[in-house]
Amino acid sequence: MTRTEQPAAGRERPAAADVRASAATAGAEAPIATELTRGPRRRRSPAPLLALALGGLLVVAIAVAASAGPAGIGALEALGAILARLGIGESPLGAVDDAIVVDLRLPRALAACAVGAGLAIVGAIMQALVRNPLADPYLLGVSSGASVGAVLVLIAGLGVLLPVAAFVGALAALLATLGLAAAAGGTTPTRTVLAGVVVASAASALVSLVIFWGADGDAYREILAWLLGSLAAITWPTAVIALVGAGLALALLPTGRLLDALALGDAAAGALGVDARRTRWALLVACALVTGVLVSVSGAIGFVGLVVPHAVRLAVGAAHARLLPLAALAGALVLLVSDTVARAAFDPRELPVGIVTALIGAPVFAALMLSGRVRT
């Protein structure tokens, strides 16, 4: 090395030392040096805060739903009556008002939460399984199949068998969809969606035919209410059925990592050690079971399973470990608020809750599409 090269090399070390010294002594530059040495700061996930907010809003919404109506019961009084039934304190209400809150309004509120949570979970799972942003619990003809079973028992005057008939119809529709897709060359996402459209169209036509030939009077009104989606006939036994369906949906929460792998495609999932075909079949059957149980109680309620997962995904990202539980909370809140509006806002008339969810969900989903936020 020559003498002329030595000063140049020597200047590099003092320069670095000067930077470290000035960063250590200058208060304004110290944070910059700290960031350079520690690396970029990781953003905190909004998921915990969002879960806390949704949980708090859900409790408030349950109290409001239990108090809304012509009886003139306050939200705090309704909450006190509910807590009293749980063994916490004494009810501030008389016997009649207490029965209104706990025996009439509370089961309906819990059923709305259960159905909304279950449909939102199933919608998020379906969107991952078929890699289609338009997927929802009714994509594979499940709802239409449940409608066939429900309409048949209502026409026959066997309304007590409605949950069983709707569940059987939903399962039959799923098997028909998967069988048609397999016969067409394999249960790929595209074939499965197309087969679901075919089965749903055929089931809808069958429902219309049955109504045209056999429905009249009370049977027609019951069928119309079921097809539009309604929670008006909820009692504690049917609320328990809805809670069972929600429990089945919550059992799918640990599948988040599998869904992340499937959302990347079958080849990528296989490289990660996931049997894509077997996992997809198992989750599709599970989604049909959950949907069949839920719609047997509530009827056909649209847009909850379609819009809620997209909205939550915008807030917390696409990782299903975060998406699924937050979608459950958001779905429960959305359907509970919608049902409370349907029941109380148009008193003395009551709208089917499916109308309210459609009136809310359609413009919201349109806004998401126009903003470019809905992508495959």
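Refer to the structure above for everything that follows.
Residues numbered from 1 in each chain as written. Predicted model: local features only at pLDDT ≥ 70, side-chain atom pairs only at ≥ 80, totals over all residues. Heavy atoms only, no water.

Peer 1: Any chance you could break down the overall build of the chain for me, citing the residues and the numbers?
Peer 2: A count of helices and strands for the chain gives 16 helices and 0 strands. Buried positions account for 44% of the 376 residues belonging to the chain. Summarising the internal contacts of the chain: among those between residues at least 6 apart in sequence, 72% fall at separations of at least 24. A total accessible area of about 18900 Å² is found for the chain, and carbon and sulfur atoms account for 67% of it. (Helix = DSSP H or I, 4+ residues; strand = E, 2+ residues; numbered from the N terminus. Buried < 20%, exposed > 50% of the residue type's maximum accessible area, 1.4 Å probe, protein only. Contact = heavy atoms within 4.5 Å. Areas by Shrake-Rupley, 256 points an atom, 1.4 Å probe, with all protein chains shown as cover.)

Peer 1: Explain the packing of aromatic side chains residue by residue, including any values.
Peer 2: Taken as a whole, this structure holds 1 aromatic pair when the rule is applied. Look at Phe-212 and Trp-213: their rings are 5.7 Å apart centre to centre, the planes differ by 85 degrees, and that puts the pair in the edge-to-face class. Across this residue pair, the class does not change: Phe-212 and Trp-213 are exposed. (Phe/Tyr/Trp six-rings, centres within 6.5 Å; stacked < 30°, edge-to-face > 60°.)

Peer 1: Outline the pattern of salt bridges, supporting the account with residue identities and numerical values.
Peer 2: All told, the structure shown has 7 salt bridges when counted by the stated rule. The salt bridge involving Asp-266 is made with Arg-280; its shortest N-O contact spans 2.9 Å. Residue Asp-266 is located in helix 12 (residues 266-271), and its partner Arg-280 is located in helix 13 (residues 276-298); the two are separated by 14 residues in the primary sequence. On the basis of relative accessible area, Asp-266 is assigned to the partly exposed category, the value being 36%. For the salt bridge of Arg-278 with Asp-275, the shortest nitrogen-to-oxygen distance reads 3.8 Å. By relative accessible area, which is 63% here, Arg-278 ends up exposed. (Salt bridge = Lys/Arg side-chain N within 4 Å of Asp/Glu carboxyl O.)

Peer 1: Requested: an account of empty space enclosed by the protein, with residues and values cited.
Peer 2: Scanning the entire structure with this criterion turns up 1 cavity of 30 Å³ or more. The volume enclosed by the largest cavity comes to roughly 40 Å³. Around the largest cavity, the lining residues are Val-122, Met-126, Pro-137, Leu-140, Val-142, Leu-174, Leu-284, Cys-287, Ala-288 and Thr-291. Elements supplying a minimum of two residues to the lining of the largest cavity: helix 5 (95-129) and helix 13. The element best represented in the lining of the largest cavity is helix 13, accounting for 4 residues. (1 Å grid on protein atoms, 1.4 Å probe; cavity = no way out; pocket = protein on both sides within 12 Å on 5 of 7 lines; lining within 4 Å. Points joined across faces, edges and corners; volume = space filled by probe spheres on them.)

Peer 1: Help me get a handle on unusual backbone geometry, residues and values and all.
Peer 2: Phi is mostly negative for residues that are not glycine, and the peptide bonds are mostly trans. One non-glycine residue, Phe-303, lies in the positive phi region at around 75 degrees. By relative accessible area, Phe-303 is classed as partly exposed at 27%.

Peer 1: So what about the nonpolar core? Which residues, and what values?
Peer 2: By size, the foremost hydrophobic cluster in this structure holds 87 residues, and its most contacted members are Val-101, Ile-125, Leu-129, Ile-301 and Leu-336. At 20 residues, helix 5 tops the list of elements feeding residues into this core. Excluding its chain neighbours within four sequence positions, the residues that come into contact with Leu-129 are Pro-189, Leu-259, Leu-262, Arg-280, Leu-283 and Leu-284. In terms of nonpolar packing, the next biggest core, distinct from the first, is built from 8 residues, Val-151, Val-207, Val-210 and Ile-223 among them. (Core = buried A, V, L, I, M, F, W, Y, C linked by side-chain atoms within 4.5 Å.)

Peer 1: How would you explain the packing of helix 3 (residues 47-67) against helix 15 (residues 320-344) if you had to name every residue and give the values?
Peer 2: Closest axis-to-axis distance for the helix 3/helix 15 pair is 10 Å, and the angle between their directions is 25 degrees. Compared by their axis directions, helix 3 and helix 15 come out roughly parallel. Relative to helix 15, helix 3 is oriented so that their crossing is left-handed. Each of Ala-47, Leu-50, Ala-51, Leu-54, Leu-57, Leu-58, Ala-61, Ile-62 and Ala-65 in helix 3 lies in contact with helix 15, whose residues at this interface are Arg-322, Leu-326, Leu-329, Ala-330, Ala-332, Leu-333, Leu-336, Thr-340 and Arg-343. Considering only residue class, the contact of helix 3 with helix 15 consists of 15 nonpolar, 1 polar and 2 charged. (Axes fitted to C-alpha atoms, helices over the stretch in contact; angles between N-to-C directions. Parallel < 35°, antiparallel > 145°, perpendicular 65-115°, else oblique. Left-handed = near helix turned anticlockwise from the far one by under 90°. Nonpolar A, V, L, I, M, F, W, Y, C, P; charged D, E, K, R; others polar.)

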